[in-house]
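So you can see what is in the structure, the chains are spelled out below.
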There are 2 protein chains.
Amino acid sequence: MDTIGFEHHDHDACIDDGTAAVAAYCARNGLQFTRQRRRVLEILLEEHRALGAYEILDRLREEGLGSQPPVAYRALDFLTRHGFAHKIERLNAFIACTHMGENHAPAFLICRACSAVAETYADPSEGVLGRAAREAGFRIERAVIEAEGLCPNCRKERAG
Amino acid sequence: MDTIGFEHHDHDACIDDGTAAVAAYCARNGLQFTRQRRRVLEILLEEHRALGAYEILDRLREEGLGSQPPVAYRALDFLTRHGFAHKIERLNAFIACTHMGENHAPAFLICRACSAVAETYADPSEGVLGRAAREAGFRIERAVIEAEGLCPNCRKERAG
DNA sequence: CTTGATATGTTATAGTATTACATTTATCAA
DNA sequence: TTGATAAATGTAATACTATAACATATCAAG
Ligand SMILES: [Zn+2]
Ligand SMILES: [Zn+2]
Ligand SMILES: [Zn+2]
Ligand SMILES: [Zn+2]
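Everything numeric here is computed off the predicted structure, so don't read it as measured data.

(A) Representation of the protein's contact with DNA strand C within the structure. Neighbouring DNA strand C are 15 residues, the closest being T34, Q36 and R74 of chain A together with Y54 and K87 of chain B. Protein-adjacent atoms of DNA strand C, using a 4 Å cutoff, are sugar or phosphate at a proportion of 49%. The separation between a base nitrogen of DNA strand C and a polar side-chain atom of R74 of chain B is 3.2 Å. Mapped onto the surface near DNA strand C, the elements with two or more residues apiece are α2 (35–45) and α4 (69–81) of chain A together with α4 (69–81) of chain B. Top contributing element to the surface near DNA strand C by residue count: α4 of chain B, with 4 residues. Of the residues belonging to the surface near DNA strand C, the class tally is 5 nonpolar, 6 polar and 4 charged.

What follows is the structure, encoded as structure tokens:
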């Protein structure tokens, strides 16, 4: 399980690889990877934490790329619709995907201390939830799975 | 697994039992089960779907029990803080708990067709999510688990 | 080119939630 | 009973999140 977000890593590669993967995917699938969409994705890729739409909009505004809410929300809508970014419902905020292009059922680990968010995988149709759904006759189509707690770094800090 | 919410059942008992259980719990634990708190709980108990804070506020206003947002949010804060109600993050809305008083890790099944919401149980530390968290060194303290799809009733309707 | 679809600019507005502070009510010890 | 403290409520104002609507511009395909 590759749960990126808490460990040290080559973060420039996150940004470059993510952008490149999305560019390629869009080219292959006839999607328009416009300047705003690309920039919003880059902004998200710059951090492994979730950003609010207005936080993103502020940066766009500074760069002269747009100043009104729909600018941010439209780009985010595009990115989330195609799985390049995810909304963290608990935070009303957005984060870049770490499994670009792969068809996946994301789940998130949110650190309450440092706000880092790691994306991981949790098939909602497995485990207790899946069983409960089947027993109830409920067909799961998608699921919001967001765990909150302490990331390894913040746990060490507290212990030390 | 008792996944209340989709099946036919004695719904008056839901309301009465829920209110009684909360009243008893509050009495035992020195909590003030005030008129507003009780009324908001009753409003939530009346339906097995999630209600927005302003939807609740509208009802309170009609009944002369309050007219400003904090009235609803304070009651909801009390109810959720003690586990008598839960917030459905996906819907920005609230629902009465179906396991009053029991210490539990709730998960929800949300029907996209009829908006019914059923509460069930899913220990976040089990299964794929728990394993991913342990491997990442992340300590889960709570989790938002909200599955969306079709409830048994709406599935039948579509099939028929 | 032309045409239809897609994306952007912009204004306004809807929906969700909290801050702040004055007032009232409940709790509890003296 | 009373006075002190804490908890809850009343109310106005504001902050934060998200979408509707419509005009304009750009793109993709024939
Ligand atoms: Zn992802
Ligand atoms: Zn942390
Ligand atoms: Zn519950
Ligand atoms: Zn349904």
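(B) Representation of the packing of aromatic side chains. Scanning the entire structure with this criterion turns up 8 aromatic pairs over all chains. Arranged with centres 5.6 Å apart and planes meeting at 10 degrees, the rings of F138 of chain A and F6 of chain B form a pair that is stacked. Placement of the pair is F138 of chain A in the loop between α5 (127–136) and β5 (139–150) and F6 of chain B in the segment before α1 (11–29), with the two residues belonging to separate chains. There is no split in this pair, since F138 of chain A and F6 of chain B are both buried. A ring pair is formed by Y25 of chain B and F84 of chain B, whose centres lie 5.4 Å apart and whose planes are at 80 degrees; its orientation type is edge-to-face. Placement of the pair is Y25 of chain B in helix α1 and F84 of chain B in the loop between α4 and β1 (85–88), with a sequence separation of 59 residues. On the accessibility criterion, Y25 of chain B (22% relative accessible area) is partly exposed. Cluster of aromatic residues (ring-pair linked, three or more members): Y25, F78 and F84 of chain A. In this arrangement the basic side chain of R37 of chain A is found over the ring face of F78 of chain A, its NZ or CZ atom lying 3.9 Å from the centre.

(C) Focus on the coordination of the zinc ion (ligand 4). Residues and elements named next belong to chain B. The protein atoms that coordinate the zinc ion (ligand 4) are C111 (SG), C114 (SG), C151 (SG) and C154 (SG), at distances spanning 2.2 to 2.4 Å. Taken together, the 4 donor atoms surrounding the zinc ion (ligand 4) define angles of 106 to 112 degrees at the centre, an arrangement classified as tetrahedral. Within one chain, the residues serving as donors to the zinc ion (ligand 4) are arranged as C-x2-C-x36-C-x2-C. Separated by 37 residues along the polypeptide, C114 in the loop between β3 (106–111) and β4 (117–121) and C151 in the loop between β5 (139–150) and α6 (152–159) bring together distant segments of the chain. For C114, a relative accessible area of 38% translates into the label partly exposed.

(D) Geometry of the pattern of salt bridges. This model, assessed by the stated rule, comprises 30 salt bridges over all chains. Notably, a salt bridge pairs E89 of chain A with R90 of chain B, separated by 3.3 Å at the nearest N-O pair. You can see E89 of chain A sitting in the loop between β1 (85–88) and β2 (93–96) and its partner R90 of chain B sitting in the loop between β1 and β2 (93–96), one on each of two chains. E89 of chain A sits in the buried class, given a relative accessible area of 8%. With a closest N to O distance of 2.7 Å, E47 of chain B and R49 of chain B form a salt bridge. On the accessibility criterion, R49 of chain B (26% relative accessible area) is partly exposed.

(E) Seen up close, the protein's contact with DNA strand D. Residues in contact with DNA strand D amount to 16 residues; listed here are only the nearest, Y54 and K87 of chain A together with T34, Q36 and R74 of chain B. The sugar-phosphate backbone supplies 49% of the atoms of DNA strand D found within 4 Å of the protein. At 2.6 Å, a side-chain N or O of Y54 of chain A approaches a base nitrogen of DNA strand D. Measuring from a phosphate oxygen of DNA strand D, one finds a side-chain N or O atom of R37 of chain B at 3.0 Å. Put simply, the parts of the chain that give the surface near DNA strand D at least two residues each are α4 of chain A together with α2 (35–45) and α4 of chain B. If one sorts the elements of the surface near DNA strand D by residue count, α4 of chain A sits on top with 4 residues. The residue inventory of the surface near DNA strand D, partitioned by class, reads 6 nonpolar, 6 polar and 4 charged.

Conventions adopted
- Residues numbered from 1 in each chain as written.
- Chains lettered and ligands numbered in written order.
- Predicted model: local features only at pLDDT ≥ 70, side-chain atom pairs only at ≥ 80, totals over all residues.
- Heavy atoms only, no water.
- Near = heavy atom within 4 Å.
- Polar contact = N/O pair within 3.5 Å; in protein donor to acceptor, adjacent residues only side chain to side chain.
- Helix = DSSP H or I, 4+ residues; strand = E, 2+ residues; numbered from the N terminus.
- Nonpolar A, V, L, I, M, F, W, Y, C, P; charged D, E, K, R; others polar.
- Phe/Tyr/Trp six-rings, centres within 6.5 Å; stacked < 30°, edge-to-face > 60°.
- Buried < 20%, exposed > 50% of the residue type's maximum accessible area, 1.4 Å probe, protein only.
- Lys NZ or Arg CZ within 6 Å of the ring centre and 35° of its normal.
- Donors = N, O, S within 2.8 Å, 3.2 Å for Na, K, Ca; no water.
- Tetrahedral: all angles 85-135°; square planar, octahedral: opposite > 155°, others 65-115°.
- Salt bridge = Lys/Arg side-chain N within 4 Å of Asp/Glu carboxyl O.

As far as function goes, none of this settles anything; it's purely spatial.
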